[in-house]
Amino acid sequence: MTDKIPIYQPTLDGNEKTYVNECLESNWISSKGRFIPEFEKKFAEYTGVKHAVSVCNGTVALHLALVALGIGPGDEVIVPTLTYISSANAIAYTGATPVFVDSLENTWQMDPEDVLRKLTDRTRAIMAVHLYGHPCDMDALTSIAQEKALFLIEDCAEGFGALYKGKHVGGFGDISTYSFYGNKTITTGEGGVVVTNDETLYDRSVHFKGQGLAMHRQYWHDVIGYNYRMTNICAALGLAQLEQADSLIERKRKIADLYKDGLANLPVTFHDETQDVKHSFWMCSILLDDPVKRDPFRKALEKAGIETRPLFYPIHTMPMYSSKFQRHPVAESLGWRGINLPSWPGLSEEQIQYICEKIIRFVKGSG
Ligand SMILES: Cc1ncc(COP(=O)(O)O)c(C=O)c1O
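Residues numbered from 1 in each chain as written. Predicted model: local features only at pLDDT ≥ 70, side-chain atom pairs only at ≥ 80, totals over all residues. Heavy atoms only, no water.

Novice: Can you walk me through the site of the ligand in this structure?
Specialist: Taken together, 15 residues form the shell around the ligand, and within it Thr59, Asp155, Glu158, Ser179 and Lys184 come nearest. One nitrogen or oxygen atom from the side chain of glutamate 158 is found 2.5 Å from an oxygen atom belonging to the ligand. In this structure, lysine 184 approaches the ligand through a side-chain N or O atom, which is 2.6 Å from an oxygen atom. Against a free-state accessible area of 390 Å², the protein chains account for coverage of 92% of the ligand. Every element with two or more residues in the shell around the ligand is listed here: α3 (58-68) and α4 (85-93). If you tally residues by element for the shell around the ligand, the top one is α3, at 3 residues. (Near = heavy atom within 4 Å. Polar contact = N/O pair within 3.5 Å; in protein donor to acceptor, adjacent residues only side chain to side chain. Areas by Shrake-Rupley, 256 points an atom, 1.4 Å probe, with all protein chains shown as cover. Helix = DSSP H or I, 4+ residues; strand = E, 2+ residues; numbered from the N terminus.)

This is how it looks when you write it as structure tokens:
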């Protein structure tokens, strides 16, 4: 196998070109045009929520959700330390403080018991992140949020297509967000949405996303808003991707099965789904038994033309968030041992077999 195998690449073989060309031919290339409301409506229908507000990426989606909730200076928001940096940064943008929690060993998702330990009288919200496409324990998190009168935000950037007890993630929280970056399960190039079932949060999201424009007077602004709008071109891509969502997700689940079979009986742990959830396998991931092996492992795969990623480094270890350093032993152990494998829907069985062979050779010591 001579071609390099990337960690991800989008599948754009549906109506993407037709819809994007329609934008170009009709001149609707900015943030007005038919694809925006259509994409929002179809996205909300697909994920089973009332409202979807399109935005220009998943990071601003998180910021907008927090702004819509009125989170700000003096507030604390509970967030897993094992996540992409955006989850914590969006909290920091508001002036609030991210408070990190550890992960569960089996699902790699935020640990509800640690959430309870980290609550203070300044806690305003819990941000659940469905890491790598595996849902969080939403029964536990929704009941903590209800009992303690906290907002629940779901960061579903990596969770598109994931189900918890048969229901799409994103519909459990007060407000939730998605990302459509080029490596996401469905992509708009750059893009995101905020989803909610709450009318007030929907209105506030629309208001702050569009420069805080007042409802009843043109060019009159009554809050300091943002330009977080998605373009019609991105929404056109998004609509075409949504049309293929079921097949993309099923293909990714099939790829996960092929990895599981190919790596069976090796001393590596596959990030598998637990009972009562549907893992979307945004990233197929494994854990090595020893963190020291991780970099040589990635190097060996790179030499074989296979791109991998390390699991996210726990955010509480990064300089800007480590001033009140506390140990998060599970997240640290996962973070140093974990690897994301190529996970895009277009991967062939032959490519997966090749990747598994290289992994087996490495793990068995002849790598
Ligand atoms: C968990 C998580 N949250 C937020 C984001 C931010 O999304 P974006 O890259 O579209 O800003 C990502 C993205 O990659 C992510 O993985």
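Novice: Can you walk me through the nonpolar core in this structure?
Specialist: General note: in soluble globular proteins, nonpolar side chains tend to be found buried as a group. By size, the foremost hydrophobic cluster in this structure holds 42 residues, and its most contacted members are Tyr132, Tyr259, Leu263, Ile286, Phe297 and Ile359. Taken together, the elements giving at least two residues each to this core come down to α9 (245-262), β12 (284-287), α10 (294-303), α11 (329-337), β14 (338-341) and α12 (349-363). The element that contributes the greatest number of residues to this core is α12, accounting for 6 residues. Those residues in contact with leucine 263 that sit more than four places away from it in its chain are Val268, Ile286, Leu341, Cys356 and Ile359. (Core = buried A, V, L, I, M, F, W, Y, C linked by side-chain atoms within 4.5 Å. Buried < 20%, exposed > 50% of the residue type's maximum accessible area, 1.4 Å probe, protein only. Contact = heavy atoms within 4.5 Å.)

Novice: Would you mind going over the sheet that holds β12 with me for this structure?
Specialist: Sheet strands pair via backbone hydrogen bonds, and the direction of the pair is either parallel or antiparallel. Spatially, 4 strands are ordered β10-β12-β14-β13 in an open sheet, and the strand pairing comes out antiparallel. With one partner strand each, in any of the chains shown, β10 (269-270) and β13 (309-310) form the two edges of the open sheet. Bridge count between β13 and β14: 2 bridges; the pairing is antiparallel. The partner of proline 310 across the bridge, within β14, is isoleucine 339. (Pairing = 2+ DSSP bridges.)

Novice: Teacher, can you tell me more about empty space enclosed by the protein here?
Specialist: Gaps between atoms show up when a probe of the same size as a water molecule is rolled over them. In the structure shown here, the tally under the stated rule is 1 cavity of 30 Å³ or more. Roughly 40 Å³ of internal volume is contained in the largest cavity. Its residues assigned to classes, the lining of the largest cavity comprises 4 nonpolar, 5 polar and 1 charged. (1 Å grid on protein atoms, 1.4 Å probe; cavity = no way out; pocket = protein on both sides within 12 Å on 5 of 7 lines; lining within 4 Å. Points joined across faces, edges and corners; volume = space filled by probe spheres on them. Nonpolar A, V, L, I, M, F, W, Y, C, P; charged D, E, K, R; others polar.)

Novice: For this particular structure, what's the right way to read the layout of surface pockets?
Specialist: Space inside the largest pocket adds up to approximately 820 Å³. Here the lining of the largest pocket gets 5 residues from one element, more than from any other, and that element is helix α7 (residues 199-209). Classifying every residue of the lining of the largest pocket gives 10 nonpolar, 9 polar and 6 charged. Roughly 400 Å³ of volume is contained in the second largest pocket. Sorting elements by how many residues they give to the lining of the second largest pocket places strand β3 (residues 97-101) first, with 4 residues. For the lining of the second largest pocket, the residue count by class is 6 nonpolar, 7 polar and 4 charged.

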